[in-house]
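Letter by letter, the chains look like this.
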Amino acid sequence: MTTGGNILELQNLRVRFQQRRQPVAAVRDASFLLRRGQTLALVGESGSGKSVASLALMGLLPDHASVEARRMRFAPDADAPPVDLTGQSPEAMRRLRGRHIAMVFQEPMSSLNPLFPIGDQIGEALLVHERLDARSRRKRVLEMLELVEIPGAAERHDAWPHELSGGMRQRVLIALALVCKPALLIADEPTTALDVTIQAQILDLMRRLQAELGMSILFITHDLGVVAEMADEVAVMRAGEVVEQAAVRELFSDPRHPYTRGLLASLPSGRRAALSQTASESVEPEVPPPPEPLVSMPLVSIKGMSKIFPSNRGAVHAVQDVSFDIPKGAIVGLVGESGSGKTTLGRAVLRLVEPTAGSVVFDGEILGELDASRMRAMRRRMQIIFQDPVASLNPRMRVRDIVAEGLLAHGIGTASSRAERVAALLEEVGLKADDMRRHPHEFSGGQRQRIGIARALALDPDFIIADESVSALDVSIRSQVLDLLLDIRRRREATLLFISHDLSVVRYLCDLTAVMYLGRLVEFGATEAVHSQPAHPYTRALLTAVPVPDPGAARGRELLQGDAPSPQAPPSGCVFRTRCRHAAPACAEAMPALARWGPDREAACARLAEIA
Amino acid sequence: MARYLSRRIAGMAAVVLAVLTIAFFLVRLAPGDPAALMLGPDASPGEAAELRARLGLDRPIAAQYAAFVGNALRGDLGQSIFFNQPVAQVLASRAEPTALLALFSLVVALLVAVPTGIYAACRRGSWFDQAAVSTAMLAASVPSFWTGLMAQRWLATEYGWFPASGYGGPDSVLLERIGYLILPSLILGVVNSALILRFTRASMLDVLGEDYIRTARAKGMREARVVLRHGLRNAGIPIITVIGLTFALLVSGAVVTERVFNIPGMGNLVVSAVLRRDYPVIQGALIVVAVLYVGINLLTDLLYLLVDKRVRY
């Protein structure tokens, strides 16, 4: 019997969890092959069983899980006979873990023990498997820290996890997994919690490490862009079953299973493949900018908005001098990475936080100058939809009371008219009128977000802020909720500010796009212009960092180095200059103002004319 | 850090001052003449007038208050009426048995609760877990005078393993005095272990579900090392608070236990002082206990700093 070139062979894996009397099947029938030295992507939506399958391979499932498989063969060494993972004792599995199979997890923020320095945590695997003394452990750890490109590795050995950014922590976790040079690395959504520019760095690093160390990777993800970029082969999982496995190009060009086809069709846009080429082509030199303003008839005007949070260790400049207009009936996308200030800006616009400077003109009225009762009346016209559909609904309230709360607060209608209104709203967002008697936990994530939307619509607002409102949803559910938002805009002529870190979603949904970096607005304009021919160097880097769901796409990537500076100490002059490949000495002098660039956008870069 | 410390100490001072104020007005708020109240119904008016003068009760209330606070700050807590000795001295003579009893029973409680709590968390839902949790409930709900009496009846009187009650005199060697404390410490320790056990178990369960525990297991570490090195250290942080509070509770007088075992400690002293209307002693005990609570609170917060590098003040 031979394994050929396969490092991992899985046939008919079944995992069941014993719950009370009734077993719940998490994996029903999973089979796949991973060839030595290759990357197999395991793709599926949440609850498809992909993480459970990988934990079964690691022997890390809890005691109440029962694992069966026709075949679960792992061949760490090409010349030695493979190990049958099904027949291993817990002790034998423990010896394999960390040494021959290692794993990197999704949450870099919580996957390191906060009470031990990172070097100790990496070195522990060496202590367990190779019984190295402290000095040789330290040496190997330092090599690993350098290998994963942590700057100043020697000083970082004794750093605490909380001193590192998310991207750095994920590098540490990769170092931790690879320190014993395992033959197989299982990476479970390793970049999902990271910003897109950091994700690009980590994916780049993983590809390089794979080539250098010759390991095989089982890459678990829900992101088809990441699949296209990383995988040699793809296995698609749905409801506990692997529905197909194919080579990556084949899968994207000729998906066999209807589910795979559906998954590919639910991508917000299939046409972004050509992005990287067009992005680097230059825009025609600009003749004097057209005089008419970018936005006529704004419903909301944000003027010189700043928000500084005081703190013991230096004030946090969350938002600095941001101005733009939101036209009536439009959807404006506000994009930026974590810490860019987009959420704070959204809250300052609604005056959920008091801005440090600047004002908002809403339908001709300056919000800061309204007295309490007029502001209260104004609040009816502005609503917000939150990110987390689970945490933002009170679990003890019925849907009826959640949706009607705003009506009640403003003393609108009678009990029976409110109930009618709730029924109509629920039907409008695609739920049933009967659902109003139920509690939030009886609904799925997508349905809960619909409840959140119904609540926001209850007061018939003119202006809605959606703060990362689809980020927590699976792709197929996400596209349904996006279509619902488009539908609402059309039917109600509502104006939306859509805050998101997901550029593909913004491109699909929004008329205008505003790009923030470190509290500053760096580019603003028509979505198509901003996305197909980004002007600001940051926008370009951001767009090229997005993984393209097309395995054949050329990747003209402008990889950003390092992490964004802290908003407690933003760089002098242009905030982006420390990571900008086009930075010139003059950029350190002052933050450039937004200037008109072409017919339909503005950008804040002093060197636009030279670099665009 | 220095700023945090000075802020905390200022806060402590405020609490202590508030307690001093309460202690001061406690006597004055009781209906009737404090001196007559202290002396009881049998005292003659002359005695009362003399006591009033001695306590300074004939002076204006503000002056009395200033003198009271000033004396307390210098460690002068007044004069016990019953013992006719300085209160500080009376309290000090009772401190040893109480402090030792508190310390020993805390050690017993920790030895019982922490390992049991950890093991119960690791074997969640097992018969051991269920037995541990229900035994802890039982131990906490059975009144300690009953357990104490039963222990005296069987372990002391019937088998004679321990002295039944009392405490060695001032001339006895320390070891002999400690001998008297073994049985009460066991009783008090087991009773108080229930809370610590439940906290340890709950805290450990939380921590064992954390991502970094999964990371540790993925390294191939032995389960015992995962639990004790990565688990316990993190789970210990909330446990410190409970231990601090339990200790403060124990020091402030395990009244019932001291009563049952006839130990001349603070708890016993305070009960007698209440019955004798020895107000200066009650005041003094109140102040000492308050200072102790505040001090232990500060100590546990500083311990956090030591254990958890994320905590910065």
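See the structure printed just above.
Note that the coordinates shown come from a computational prediction; the quantities given were computed from them, not determined experimentally. (Residues numbered from 1 in each chain as written. Chains lettered and ligands numbered in written order. Predicted model: local features only at pLDDT ≥ 70, side-chain atom pairs only at ≥ 80, totals over all residues. Heavy atoms only, no water.)

J.: What exactly am I supposed to notice about the overall build of chain B here?
T.: Each helix and strand in chain B was counted, giving 13 helices and zero strands. The N-to-C order of helical and strand elements in chain B reads α-α-α-α-α-α-α-α-α-α-α-α-α. With respect to the three principal axes, the spread of C-alpha positions in chain B is 80 × 60 × 35 Å. Within chain B, the fraction of its 313 residues that count as buried is 43%. (Helix = DSSP H or I, 4+ residues; strand = E, 2+ residues; numbered from the N terminus. Buried < 20%, exposed > 50% of the residue type's maximum accessible area, 1.4 Å probe, protein only.)

J.: When you look at the interface of chain A and chain B in this model, what are you seeing that I'm missing?
T.: By convention, interface size is frequently given as the accessible area that disappears when the constituent parts associate. Contact with chain A, which involves 30 residues of that partner, is made by 22 residues of chain B. The largest contributions to the chain A side of the interface with chain B come from A:Leu115, A:Phe116 and A:Glu124, which together make up 26% of the buried area. Between A:Glu91 and B:Arg222 there is a salt bridge; the shortest N-O distance is 3.3 Å. The tally of links between chain A and chain B comes to 15 residue pairs in polar contact (both at pLDDT 80 or more). The set of elements that each furnish at least two residues to the side of chain A that touches chain B consists of α1 (50–58), α2 (90–96), α3 (118–130) and α6 (166–178) of chain A. In terms of residues, the side of chain A that touches chain B owes the most to one element, α3(A), which gives seven residues. For the side of chain A that touches chain B, the residue count by class is 14 nonpolar, eight polar and eight charged. (Contact = heavy atoms within 4.5 Å. Buried area = accessible area lost by both parts, 1.4 Å probe. Salt bridge = Lys/Arg side-chain N within 4 Å of Asp/Glu carboxyl O. Polar contact = N/O pair within 3.5 Å; in protein donor to acceptor, adjacent residues only side chain to side chain. Nonpolar A, V, L, I, M, F, W, Y, C, P; charged D, E, K, R; others polar.)

J.: Would you explain unusual backbone geometry in this entry?
T.: Trans peptide bonds make up the majority, and among non-glycine residues the majority have a negative phi. All names here are of chain A. In this structure, Asp-460 takes a positive phi of about 60° despite not being glycine. Mapped onto the fold, Asp-460 is located in the loop between α16 (445–457) and β18 (463–467). A positive phi is found at Leu-518, a non-glycine position, where the angle reads about 50°. Within the secondary structure layout, Leu-518 lies in the loop between β20 (512–517) and β21 (520–526). Here Leu-518 falls in the buried class, since its relative accessible area comes to 4%.

J.: Would you mind going over the pattern of salt bridges with me for this structure?
T.: Once the charged atoms of two side chains with opposite charge are near each other, the side chains can pair. Residues and elements named next belong to chain A. Scanning all chains against the criterion turns up 45 salt bridges over all chains. Linking Arg-256 and Asp-254 is a salt bridge whose minimum nitrogen-to-oxygen distance equals 3.4 Å. With a closest N to O distance of 3.8 Å, Lys-342 and Glu-468 form a salt bridge. On the criterion of sequence distance, the pair formed by Lys-342 in helix α12 (residues 342–349) and Glu-468 in the loop between β18 and α17 (475–492) is long-range, its members being 126 residues apart. Each of the salt bridges in this network shares a partner with another, and the network as a whole consists of Glu-428, Asp-460, Asp-487, Arg-490, Arg-491 and Arg-492.

J.: What exactly am I supposed to notice about a nonpolar patch on the surface here?
T.: All names here are of chain B. Taken together, the side chains of Phe-145, Trp-146, Leu-149, Met-150, Trp-154, Tyr-159, Trp-161, Val-255 and Val-256 define a hydrophobic patch exposed on the protein surface, amounting to about 920 Å² of accessible area. For the nonpolar patch, the secondary structure elements donating two or more residues are α7 (144–158) and α11 (255–260). At five residues, the largest contribution of residues to the nonpolar patch is made by α7. Note that Trp-161 resides in the loop between α7 and α8 (174–208). (Patch = residues over 30% accessible without salt bridge, like charges linked within 9 Å, V, L, I, M, F, W, Y side chains within 5 Å. Areas by Shrake-Rupley, 256 points an atom, 1.4 Å probe, with all protein chains shown as cover.)

J.: It is not clear to me how the side chain of A:Lys342 should be interpreted in this structure. Could you clarify?
T.: Residues and elements named next belong to chain A. Here Lys-342 falls in the buried class, since its relative accessible area comes to 6%. Only 3.1 Å separates the side chain of Lys-342 from the backbone oxygen of Gly-336, close enough to count as a polar contact. If sequence neighbours within four positions are ignored, Lys-342 has contacts with Leu-334, Val-335, Gly-336, Glu-337, Glu-468, Ile-499, Ser-500, His-501 and Met-516.

J.: Looking at this structure, I do not really get the sheet that holds strand β12 (residues 298–309) of chain A. What am I missing?
T.: Residue and element names in this part refer to chain A. Sheet architecture is open: four strands sit in the order β13-β12-β15-β16, paired in antiparallel fashion. Two strands bound the open sheet, and with one partner strand each, they are β13 (316–327) and β16 (365–366). The pairing of β12 with β13 spans eight bridges and is antiparallel. By the bridge assignment for β13, Lys-307 is matched with Val-319. Strands β12, β13 and β15 (357–362) of the sheet are contacted by α12, whose axis makes an angle of about 120° with β12. (Pairing = 2+ DSSP bridges. Axes fitted to C-alpha atoms, helices over the stretch in contact; angles between N-to-C directions.)

J.: Looking at this structure, I do not really get the nonpolar core. What am I missing?
T.: Within soluble globular proteins, side chains that are nonpolar tend to cluster in buried spots. Residue and element names in this part refer to chain A. Grouped together as the largest cluster of nonpolar side chains are 63 residues, with contacts concentrated most on Val-403, Leu-426, Ile-451, Ile-453, Phe-498 and Tyr-538. Once residues lying within four places of it in the same chain are set aside, the contact partners of Val-403 are Val-422, Leu-425, Leu-426, Ile-451, Ala-454, Arg-455 and Ala-458. Core analysis: the next-biggest nonpolar cluster, separate from the first, contains 40 residues, Ala-102, Leu-164, Val-172 and Val-179 among them. (Core = buried A, V, L, I, M, F, W, Y, C linked by side-chain atoms within 4.5 Å.)

J.: What is the right way to read the packing of α8(B) against helix α10 (residues 223–251) of chain B from this model?
T.: Residue and element names in this part refer to chain B. With their axes 9 Å apart at the nearest point, α8 and α10 run at an angle of 145° to one another. Like other packed secondary-structure pairs, α8 and α10 cross with a definite hand, here right-handed. Along its contact with α8, which presents Leu-188, Asn-192, Leu-195, Ile-196, Phe-199, Thr-200, Ser-203, Met-204, Val-207 and Leu-208, the element α10 presents Val-227, His-230, Gly-231, Leu-232, Asn-234, Ala-235, Pro-238, Ile-239, Val-242, Ile-243, Thr-246 and Leu-250. When the residues that make up the contact of α8 with α10 are grouped by side-chain class, the tally is 15 nonpolar, seven polar and no charged. (Left-handed = near helix turned anticlockwise from the far one by under 90°.)

J.: How should I be thinking about the packing of aromatic side chains in this particular structure?
T.: When we look at a pair of aromatic rings, we describe it by the centre distance and by the angle of the planes. Residue and element names in this part refer to chain B. Summed over the entire model, instances satisfying the criterion amount to 13 aromatic pairs over all chains. Ring centres of Phe-82 and Phe-83 lie 5.0 Å apart, and the angle between their planes is 90°; on these two criteria the pair is classed as edge-to-face. The class for Phe-82 is partly exposed, based on a relative accessible area of 49%. Under the relative-accessibility criterion, Phe-83 is labelled partly exposed at 29%. With a centroid separation of 6.1 Å and an interplanar angle of 75°, the aromatic rings of Trp-127 and Phe-128 are classed as edge-to-face. (Phe/Tyr/Trp six-rings, centres within 6.5 Å; stacked < 30°, edge-to-face > 60°.)

J.: So what exactly am I meant to see when it comes to the layout of surface pockets here?
T.: Its volume calculated, the second largest pocket comes out at about 1600 Å³. The wall of the second largest pocket is formed by 42 residues, among which A:Leu61, A:Pro62, A:Asp63, B:Arg217 and B:Glu223 lie closest to the centre. Contributing elements (two or more residues each) for the lining of the second largest pocket: α1, β4 (65–68) and α2 of chain A together with α5 (87–122), α8, α9 (211–218) and α10 of chain B. The element that contributes the greatest number of residues to the lining of the second largest pocket is α5(B), accounting for five residues. Its residues assigned to classes, the lining of the second largest pocket shows 24 nonpolar, six polar and 12 charged. (1 Å grid on protein atoms, 1.4 Å probe; cavity = no way out; pocket = protein on both sides within 12 Å on 5 of 7 lines; lining within 4 Å. Points joined across faces, edges and corners; volume = space filled by probe spheres on them.)

J.: Whenever I open this one, helix α4 (residues 134–147) of chain A confuses me. Can you help?
T.: The periodicity of an α-helix, 3.6 residues per turn, causes residues three or four places apart in sequence to face the same way. Residues and elements named next belong to chain A. The terminal C-alpha atoms of α4 lie 20 Å apart, and with 14 residues this matches the ideal 20 Å at 1.5 Å per residue to within 8%. Three or more residues of α4 are buried, namely Val-141, Met-144, Leu-145 and Leu-147. Axial view of α4: buried residues confined to an arc of 155°, hence all on one face. In α4, the exposed positions that point more than 90 degrees away from the buried face belong to Arg-135, Lys-139 and Glu-146. Tucked inside the fold, the buried residues of α4 contact α3, α5 (153–156), α6 and α7 (196–213). Count one or two residues on from α4 and you reach Glu-149, which has phi positive near 60°. (Expected span 1.5 Å × (residues − 1). Arc of directions from axis to C-beta.)

J.: Is there a simple way to think about the pairing of strand β9 (residues 216–221) of chain A in this case?
T.: All names here are of chain A. Burial analysis of β9 places six of its six residues in the buried class, the great majority of the element. Burial of β9 is two-sided: the residues Ser-216, Leu-218 and Ile-220 facing one way and the residues Ile-217, Phe-219 and Thr-221 facing the other way are all buried. Two strands pair when backbone bridges link them, and strand β3 (residues 39–43) and β9 are joined in this way by five bridges, in the parallel orientation. If you follow Thr-39 over to β9, its bridge partner there is Ile-217. Sheet topology places strand β8 (residues 184–188) next to β9; five bridges connect them, and they run parallel. In the strand pairing of β9, Asp-188 is matched with Ile-220. On the question of chirality, the crossover connecting β8 to the parallel β9 by way of α7 is right-handed. (Right-handed = clockwise from strand over helix to strand, strands pointing away.)

J.: Teacher, can you tell me more about the sheet that holds β18(A) here?
T.: By definition, the strands of a sheet pair up through backbone hydrogen bonds, in either a parallel or an antiparallel sense. Residue and element names in this part refer to chain A. Ordered in space as β17-β18-β19-β14-β20-β21-β23-β22, the eight strands form an open sheet in which the pairing is mixed. Looking at which strands have only one partner, the edges of the open sheet turn out to be β17 (382–385) and β22 (595–596). In terms of strand pairing, β17 meets β18 through four bridges, oriented parallel. Within β18, the residue paired with Ile-385 across the bridge is Ala-466. Across the face of the sheet, helix α20 (residues 537–545) comes into contact with β14 (331–335), β20 and β21 while running at roughly 100° to β20.

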